[in-house]
Amino acid sequence: MAQYLRFVEMADSPSSSDSSDPPQSEDAPRLPRPGSAPIRDRYDAIVVGLGVMGLATCRELSRRGLRTLGLEQYDLHHDQGCSHGSTRIIRRAYSEHPSYVPLVERAFDLWRDTEEESGQTLLNTCGMLTAGPAKGRIVPPVLATREKYPFDCELLTPGEVNERFPAIGFPLDKDLVAVHEPGGGYLYADRALEAFASSARANGATLLDCHHVRHWTEEPGRVLVESEEGTFEAPFLILTTGPWAKPLLSQFGIEVTLLRKLVFWYLAENEQLIRAGTMPSFAIESPRGIYYGVPDNHDTPEEGLKIGRHDNTPELLEIATLDSGEEMRVERWIDDQEDLVRPMIEAFAREYFAPGLLCGESRELVPSDMAVRQYCLSPDGHFLIGHIPGSSRIAAATGFSGHGFKFAPVVAELLADMAENKPPTPGADFLRLDRLAGSARTGR
Ligand SMILES: Cc1cc2nc3c(=O)[nH]c(=O)nc-3n(C[C@H](O)[C@H](O)[C@H](O)COP(=O)(O)OP(=O)(O)OC[C@H]3O[C@@H](n4cnc5c(N)ncnc54)[C@H](O)[C@@H]3O)c2cc1C
């Protein structure tokens, strides 16, 4: 079984045989310590973890001419992390923090650039509808964001929404406000992963899957990275290990929450009504919670309207919280979680979509598909990007809190700038990893 990447050694930390080593049973294979094993290869930068953030970073580094190695513990198409799947929403209507807007503007440019390079459609700007109570949790901050960073959007009443998007059936008696962003929509996620991987390889990066990194050592001038397959060396190490960064972050007093999330697809009686183009992507706050979705497109394996719940109740947290990234491999509780989430989603759908849209004559809504993915929630819901405390040669990017995919090419630029020792991009300071580092054990 793979072990977690758990600890950092600095050049001036206690010796590598100190008690912070994970215990090994007598039978466990004795892996050579970094430094004692021959160096298999040298690179300008090593990226550990090849979800969307790692792949985008390998692409960016290799396009800048850096000899780049990417290491992934599973195969590149695995479904245990955060990034796999057919679609992810892209939007400027940011309720989480206004400062995401300039970053997402940059991301749109970079997604277009990736599309051009790959010759693939990665972005569908079918529009994005953000709706909720006038005094709720998402619309007021989106309107405040728009004041600070104006973006193209239109305010619609529930009646106007229902007229323009016939799949939607907003209750007219509630104090709902909708923000329609015509330039928002969704990204083709799996396709994007392929595009980043192909581009990275075409630019000379080496991407090795089934290479679980279990240890690294920072020394003057270099970092040694040890996987089961060998030891690699580079002057800079980037950790894009998603939920698997949890034990490392704990060392710095940053506690992330790992959550298993379920998403569902539903067919419609009149499939035209839920097609991209007729229906936008959406995020809707109801008294029952915050739900999001992506319209149907005949371009991905799952058919129908995708719907998921973004926020959490105490019951959801209890059933869906994972102790480690690895727990996604354990199927326990998925049925219980489905039993809890499906009725929530279906109650939401009955109230906010046109009557009979998804269920036809039947009383029960039956999803046509379901998928399981992982959220890595940072303590304040904002990303964690930066040098790890006490190190100038190791950076991490994680804690994307269920809204990071759209930013992958921007995160890649931030990380590549760190590898090249360039000054930080203005405007991304609010995401610095060390903002949350408490009484950290920095390895010193
Ligand atoms: C249900 C769901 C819906 C979402 N919807 C949206 C959305 O609509 N819009 C949006 O922008 N974002 C969305 N997101 C968020 C987005 O998908 C994530 O922010 C993003 O995928 C995070 O990617 P990552 O590369 O950080 O993590 P991951 O994809 O988990 O990648 C981490 C990788 O590191 C590897 N790894 C870990 N440890 C090691 C090791 N020791 N050695 C080697 N490899 C290792 C793992 O195997 C994994 O492949 C959603 C997420 C989920 C779960």
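Our subject is the structure listed above.
Here is a short report on the structure shown in this document. (Residues numbered from 1 in each chain as written. Predicted model: local features only at pLDDT ≥ 70, side-chain atom pairs only at ≥ 80, totals over all residues.)

## Some remarks on helix 5 (residues 189–202)
The end-to-end C-alpha distance of helix 5 is 20 Å, a good match for the 20 Å that 14 residues give at a rise of 1.5 Å each. Turning to helix 5, its buried residues number three or more, namely A189, A192, L193, A195, F196, A197, S199 and A200. Considering only its buried residues, helix 5 is in contact with helix 1 (52–63), strand 4 (68–71), strand 5 (87–90), helix 2 (100–118), strand 10 (185–188) and strand 11 (206–208). Where helix 5 ends, the next residue or the one after it, G204, has phi of about 100°, a positive value. (Helix = DSSP H or I, 4+ residues; strand = E, 2+ residues; numbered from the N terminus. Expected span 1.5 Å × (residues − 1). Buried ≥ 20, exposed ≤ 12 C-beta atoms within 10 Å, placed from the backbone. Contact = placed C-beta atoms within 7 Å.)

## Details of the sheet that holds strand 3 (residues 45–48)
The 6 strands are arranged 11-4-3-15-23-22 in an open sheet whose pairing can be described as mixed. In this open sheet, the two strands that pair with only one neighbour each are strand 11 and strand 22 (384–387). Neighbour-to-neighbour, the strand axes of the sheet open up by a mean angle of 15°, direction not taken into account. Note: strand 3 against strand 15 (residues 237–239), 3 bridges, orientation parallel. Opposite V47, over in strand 15, you have I238 as the bridge partner. Helix 1 rests against strand 3, strand 4, strand 11, strand 15 and strand 23 (394–398) of the sheet, and its axis sits at about 170° to strand 4. (Pairing = 2+ DSSP bridges. Axes fitted to C-alpha atoms, helices over the stretch in contact; angles between N-to-C directions.)

## Remarks on the pairing of strand 22
As judged from the 4 bridges shared by strand 22 and strand 23, these two strands associate in the antiparallel manner. Residue G386 lies in a different strand from strand 23, and its bridge partner there is A396.

## Structural notes on the sheet that holds strand 10
The sheet built from 3 strands is open, its strands ordered 5-10-6 with antiparallel pairing. The strands lining the two open edges of the sheet, one partner per strand, are strand 5 and strand 6 (123–124). Bridge analysis of strand 5 against strand 10 gives 4 bridges, and the strand direction is antiparallel. Residue pairing in the sheet places I89 in a bridge with Y186 of strand 10. Here helix 5 sits on the sheet and contacts strand 5 and strand 10; the angle it forms with strand 10, its principal contact strand, is near 50°.

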